[in-house]
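Coordinate analysis (summary)
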Amino acid sequence: MSRLKVQLAALGGMVVITFLLHVFLFGEAGYFTRQKLQDRLHAIRGQIEELETENRTLEEEYAKIEETPAARSSAPGATILTFETNTQSDPAMFSAKMERTLADPETVFFLVMSLLSASGMVLLRMLPVGRKSF
């Protein structure tokens, strides 16, 4: 078998293995996709519980206010709402986004697979496949 055929077969094998690993890890039913969905479901359930607790507390406070007519007449007529914002400066926002991108399992997967593929191709170039040695 010639050196070129071995290199092409190895390249094709690496592409197929990378594709299959990507599908099993990051595909629609992949491991990391299921983990993300389970984490999101758990977070949403926690938020629902917090909102239900807050709703019960507000209903109890409203019932207390409705029971006492004196408190109702002395309450101010307007409610002032305040909003808090979480703004970050541009460099801090950029670095936080970069950290999230680099910590993404899919990014790590492609970096590792690229490194392995490049290393494999270099090793194949160094092997004496198809050469006649005397």
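Preceding block: the structure.
This section reports on the structure supplied with the text. Just so we're clear, the structure is a prediction, and the values are computed from it rather than from any experiment.

Definitions and cut-offs
Residues numbered from 1 in each chain as written. Predicted model: local features only at pLDDT ≥ 70, side-chain atom pairs only at ≥ 80, totals over all residues. Heavy atoms only, no water. Patch = residues over 30% accessible without salt bridge, like charges linked within 9 Å, V, L, I, M, F, W, Y side chains within 5 Å. Areas by Shrake-Rupley, 256 points an atom, 1.4 Å probe, with all protein chains shown as cover. Salt bridge = Lys/Arg side-chain N within 4 Å of Asp/Glu carboxyl O. Helix = DSSP H or I, 4+ residues; strand = E, 2+ residues; numbered from the N terminus. Phe/Tyr/Trp six-rings, centres within 6.5 Å; stacked < 30°, edge-to-face > 60°. Buried < 20%, exposed > 50% of the residue type's maximum accessible area, 1.4 Å probe, protein only. Axes fitted to C-alpha atoms, helices over the stretch in contact; angles between N-to-C directions. Parallel < 35°, antiparallel > 145°, perpendicular 65-115°, else oblique. Contact = heavy atoms within 4.5 Å. Nonpolar A, V, L, I, M, F, W, Y, C, P; charged D, E, K, R; others polar. Left-handed = near helix turned anticlockwise from the far one by under 90°.

Side note on a nonpolar patch on the surface
- A grouping of V16, F19, L20, V23 and F24 is seen on the molecular surface, where their side chains present a nonpolar patch of about 490 Å² in accessible area.
- For V16, the location among the structural elements is in helix 1 (residues 3–26).

Thoughts on the packing of aromatic side chains
- What the rule picks out here adds up to 1 aromatic pair.
- Relative to F32, the ring of Y31 lies with its centre 5.2 Å away and its plane at 75°, an arrangement referred to as edge-to-face.
- On the accessibility criterion, F32 (26% relative accessible area) is partly exposed.

Quick notes on the packing of helix 1 against helix 2 (residues 31–67)
- Closest axis-to-axis distance for the helix 1/helix 2 pair is 4 Å, and the angle between their directions is 15°. Taken together, the axis directions place helix 1 and helix 2 in an arrangement best described as roughly parallel. Taken together, the residues of helix 2 that come into contact with helix 1 (itself represented by F24, L25 and F26) are Y31, F32 and T33.
- By residue class, the composition of the contact of helix 1 with helix 2 is 5 nonpolar, 1 polar and no charged.

Concerning the packing of helix 1 against helix 5 (residues 105–126)
- Contact geometry of helix 1 with helix 5 gives a least axis separation of 11 Å together with a crossing angle of 165°. Considering their axes alone, helix 1 and helix 5 lie roughly antiparallel with respect to each other. In this structure, helix 1 meets helix 5 at a crossing whose hand is right-handed. Within the contact between the two elements, helix 1 uses R3, V6, Q7, A10, L11, M14, T18, L21, H22, L25 and F26 and helix 5 uses P105, E106, F109, F110, M113, L116, S117, G120, M121, L124, R125 and M126.
- For the contact of helix 1 with helix 5, the residue count by class is 15 nonpolar, 5 polar and 3 charged.

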